[in-house]
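Coordinates in review
Letter by letter, the chains look like this.
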Amino acid sequence: MRKKKTKKLAISIAAMSAFAASAVVVSNPAQAAITTNAEKLVVKAEKLAGALKWQVSYDYRKKVYPKNVLDYPDMKLFNETKSALKAAREEVKKLKGKEKEILEARLTQNVQVYVDRATFYIDAVSAGKKIEAKANILKKFISNHIVNDSTEKAYHDLTKEIRTKSPAFYKVYGASTRTALVQTYLKPAQQVKDAALYPVSIKIETDRLNAALKENKIDQAIYHKNRIEKFVSEGLKLGVLKENSKLLKSVMAYVNPVKADLEKRFAIFNADSTIADKPTTFGGTVAEVKKYDQSVIVIAGKDQYIKLANAEVNGNIIIKGNETGAGTVYLENVKVNKVNNQGGVIIVDDVADHSLRQKNVTAEELKINDANGANIVAEEGTKIKTLSLTEKAGATGTIILDSKEKGAYEVVSIGTKGSESSKGVELKGDFSNTKVEVTGEGSQVKVAKDAVVKEIEVKTEAKLEAEQGAKVQAVNLAAEKSGQKIELKGDLKEATVTVKNANAKIEVAKDSVIKEIKKDSSVTGSIEVINNGTVQTATGVTVKNNPGGQTGSTGNTGSGGTRNPFKLTVMHTNDTHAHLDNIARRITAIKQVRQTNPNSLLLDAGDVFSGTLYFNEFNGLADLEFMNLAGYDAMTFGNHEFDKGTAILANFVKGAKFPFVSANVDFSKDENLKVSFRNEISSNPENGKIYNGIIKEVNGEKIGIFGLTTAETKNISSPGEDVVFEDYIEEAEKAVEAFEAQGVNKIIALTHIGFNDGGGDNDLTLAKEVEGIDVIVGGHSHDKLVEPVVDKTGEEPTVIVQANEYSKYLGTLDVEFDENGKVVGYAGKLIDIDQKVKVGDKEVYVLQDDPEAAAKLKPYNDQIEEKKKTVIGNSAVILDGVRNNVRTKETNLGNLITDGMLAKAKTINPNTIIALQNGGGIRASIDAGEITLAEVQTVMPFGNALAIMELKGSEIKAALEHSVSLAPASNGAFLHVSGLRFTYDSREPAGNRVKTIEVKEDGTNYVPLEGR
């Protein structure tokens, strides 16, 4: 028996036991004369109850009722016993003193207990018969090979009946009776349900496929088609479905018409190969071209390769990835035809960072929708009228267009909309017979070294860059809106730039060379060009030269300005722990801040990993997709990034569209991360690489950013032996010195060491000990710093910020630097991502979802919602999470949770011996039967991470005292424990209630806690 009871309660139990023992002495009617009417009624009730108890015993019933072993008991006897008990209780109430106490005890022990047992038994039989009835309905459908809406309804009805009624079995007294009821009613029903699972699941997916086809939702249609095939394959493998069986034929009869409709509209080809030179191949042969009179969908997942060759398609070709990512697609000897003014288009929805390679391909249009970036290669024989990049193409990556021979495309239309997360469009190869149009506002277009481009027409705000050695013949500037900025950069010494109207604000970047800028003869009014580079010839335009700018044959010279304080906005997040449900609102907030403050950085201080099913299911890659979309500039590592070892972390790092910083962690010997590790401060950091620090240029100003990760990580997570954590103060000093040596005087420490954490490293100590840090963006301690904290220990102030936890806030710090890099002004705030306002009678979020982020979140969320249905365990009893119970006393659910916490903690640190969980964190009970992930999430909805720490005995006692300070009143601080037991007396003053504390030190024996 566990000792975690109040002293008062223990005394009460002992007293009750003593009384019960004394009552037993006189509880047998044969041992005392019947002297009162009350006693007569008690004896009658006892006699009836003595007979009733056998009516609910399995061992008795199988002998007496062999044909109806687990049917209802003698209900007449049951009702008579209840009536007798009621009559006896009413008569006993009239008595006083010892006789009343003894007779009440006899009724409780000898009658009530058997009435209760019979009640539970009757409830179980009733539940069993209801479950049995639902099972028989479903069984009839399956036995008759019928799979339709009625079958699905019967399946769901049975599932609900099992879930709601099965707890009744586990309340029945007697292991043999309980087991027999389960075996008789529950197990057969579960077998029927299992037999129907795959047929019904296939039917449901078929209905969803049909709906997706009607709504023309191709992605969903493909998803449900694949699910159907998966369920059929699994059902056959498990033997639930059998080849050539009537049931399987019935199922497929339901599936085939819908599948035929899909196949009539689309030919769907899936990649299997992961070998680049041996792609999965579809199509015909050189001698016999395969014709398709419908659109073709080509699907390649991550690291997969697929080829469509020798084919003629009368429709469209649609190229997609799958849930794993996207791969490489080859089109060879393929003709895509327009039929009745429809089709003729190759649509690229996703080839990720891999390639679409085209050889001898003809089509009306090649349309790129891929937001993640793509490498589009046109080899010999390719003739496509228009290559168009839609607005979302390259939103979070780079689109590379590589033309191996001239004339592959007549027109390239770049509609890509520029953003912080977009890396723009790069032109490689020969576009000497191609006109390039730039129509996407904010587009960034780069012409690669040795690329040849005939003509580029820029119709909107954009940045055009030519690498050294590029050959651009003509650039036409025709901005459609007044005030749109067009920046020209790089090697344009062969280009004639013609200004077609007076709308654009034209600027030549530093170190750029342009052959000629001239005004088109049709343009009236003056044209001004801001020049920071070299314009060799200017015709009809006014060139205003900034310092360093040069003009050849004509132009006007301007002068430089006065240096004002440099203003920088730092957006920051930390300890988000895979909380993605509000990510679309967070991205809206980020965009709003950037729009207001273009001179900005977006940083994350670690612990993106662990906390919700998004991490459990996607290992951080879901979070990464949105970090890439948001355009983070840098991230440092938190301790939880190492929770699943460095192999999982390496995948996260590799896919990042931003660099990582961590000056005090050496990855050089780690097998998984050493390839990404750069032990240096970099002024030209690469995405997906790890540096001690990086230098970011914001509006011409250099900002140094270095990272620190808590050394506690080696004890509280799983980095492995080869990841070395170094002294954070020494490494911070080295980083500051390295930045200053490169002329950087504005330095940000991106840390995951805690604000004032007691683990041996923290931001307050860092600010006091290391001179030269201007801003500390912190994490780890989950502090909600509503306003920045400023340390003024050194010659210059250090501003410290932190943005709480779980993506609740986007932190912003507006900081001003003087010309020496000293902080001369600051203001910080936390933007509440989930803030709501009342509109009419409804509450709505202040921040609306970013549409692109919301669309990207949906498939992840759908998978999570499906995952929540996963059965992860089974309980023979109700697991008690009733609010008043978990906040006042030990419960089986509290014990299970803390035992699980301790078991997990021991896998990280074998020296862990105690686990604690406050009752306020347990939010619901779990019914007997199957346990789903959704139920677990309902019980513990907060996504809290498991923390391991070393505590003194006195600190443990203080925690336990706080736990019981309000006892016996309900208190969310009440602690459930594992590896420890204690007694307390709620009659004592708060702070002096805990009487004994024992710890299970060796896993077996409890010993007194020392150091109290």
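Residues numbered from 1 in each chain as written. Predicted model: local features only at pLDDT ≥ 70, side-chain atom pairs only at ≥ 80, totals over all residues. Heavy atoms only, no water.

1. A few points about the side chain of Asn574
With respect to the helices, strands and loops of the structure, Asn574 is situated in the loop between strand S28 (566-573) and helix H10 (583-596). At 2.8 Å, the side chain of Asn574 and the backbone nitrogen of Ala803 are in polar contact. With residues near it in sequence (within four places) discarded, Asn574 still touches Asp604, Ala605, Gly606, Gly778, Gly779, Gln802, Ala803, Asn804, Glu805 and Tyr806. (Helix = DSSP H or I, 4+ residues; strand = E, 2+ residues; numbered from the N terminus. Polar contact = N/O pair within 3.5 Å; in protein donor to acceptor, adjacent residues only side chain to side chain. Contact = heavy atoms within 4.5 Å.)

2. Thoughts on the UniProt feature "coiled-coil region" (unreviewed entry) in the chain
As recorded in UniProt, the feature "coiled-coil region" (unreviewed entry) lies at residues 78-105 and 485-512. Taken as a whole, residues 78-105 contains 86% helix and 0% strand, while its terminal C-alpha atoms sit 21 Å from one another. Annotated as residues 485-512, this span is 0% helix and 68% strand, and its ends, taken at the C-alpha atoms, are 17 Å apart. (UniProt positions renumbered as here; feature names shortened; annotations may be inferred.)

3. Description of unusual backbone geometry
In this structure, Pro968 follows Ala967 across a cis peptide bond, with omega equal to 5°. Mapped onto the fold, Pro968 is located in the loop between helix H21 (953-963) and strand S48 (975-978). Even without a glycine there, the phi angle at Asp607 is positive, about 65°. With respect to the element layout, Asp607 can be found in the loop between strand S29 (600-604) and helix H11 (613-618). Residue Asp607 is classed as buried on the basis of its relative accessible area, which comes to 1%. Phi at Tyr806 takes a positive value of approximately 55°, unusual for a residue other than glycine. Of note, Tyr806 is situated in the loop between strand S40 (798-801) and strand S41 (809-817). You can call Tyr806 buried: its relative accessible area is 10%. (Buried < 20%, exposed > 50% of the residue type's maximum accessible area, 1.4 Å probe, protein only.)

4. Things to note about the nonpolar core
Among the nonpolar cores identified, the biggest contains 74 residues, and Ile317, Leu366, Leu401, Tyr409 and Val447 are the most heavily contacted of them. Tallying contributions element by element places strand S20 (residues 485-499) first for this core, with six residues. If near-sequence neighbours (up to four positions away) are discounted, Ile317 is found in contact with Val296, Val298, Leu308, Val334, Val336, Val345, Ile346 and Ile347. Counting residues in each nonpolar core, the second largest holds 73 residues, with Leu158, Leu181, Ala212 and Val251 among its members. (Core = buried A, V, L, I, M, F, W, Y, C linked by side-chain atoms within 4.5 Å.)

5. Examining the sheet that holds strand S51 (residues 1006-1008)
Strands belonging to one sheet form pairs held by backbone hydrogen bonds; the direction of such a pair is parallel or antiparallel. Spatially, the three strands line up as an open sheet ordered S49-S50-S51, and their pairing is antiparallel. The open sheet has two edge strands with one neighbour each: strand S49 (980-984) and S51. On average, each strand axis in the sheet is tilted by 30° relative to the strand beside it, whichever way the strands run. When strand S50 (residues 994-1000) meets S51, the two strands line up antiparallel, connected through three bridges. Directly across from Glu998, in S51, lies its bridge partner Pro1008. Its contacts with the sheet place H21 against S49 and S50, and it is angled at close to 125° to S50. (Pairing = 2+ DSSP bridges. Axes fitted to C-alpha atoms, helices over the stretch in contact; angles between N-to-C directions.)

6. What to know about the pattern of salt bridges
Counted under the stated rule, the structure contains 47 salt bridges. The partner of Lys153 in a salt bridge is Asp157, and the shortest N-O contact between them spans 2.9 Å. You can see Lys153 and its partner Asp157 sitting in helix H6 (residues 149-165), four residues apart, about one turn around the helix. Lys153 gets classed as exposed once you look at its relative accessible area, which sits at 52%. Residue class for Asp157 comes out partly exposed when judged on its relative accessible area of 24%. A salt bridge links Lys203 to Asp207, with the nearest nitrogen and oxygen atoms 2.6 Å apart. On the criterion of helical spacing, the pair formed by Lys203 and Asp207 is a turn pair, its members being four residues apart in helix H7 (residues 175-214). (Salt bridge = Lys/Arg side-chain N within 4 Å of Asp/Glu carboxyl O.)

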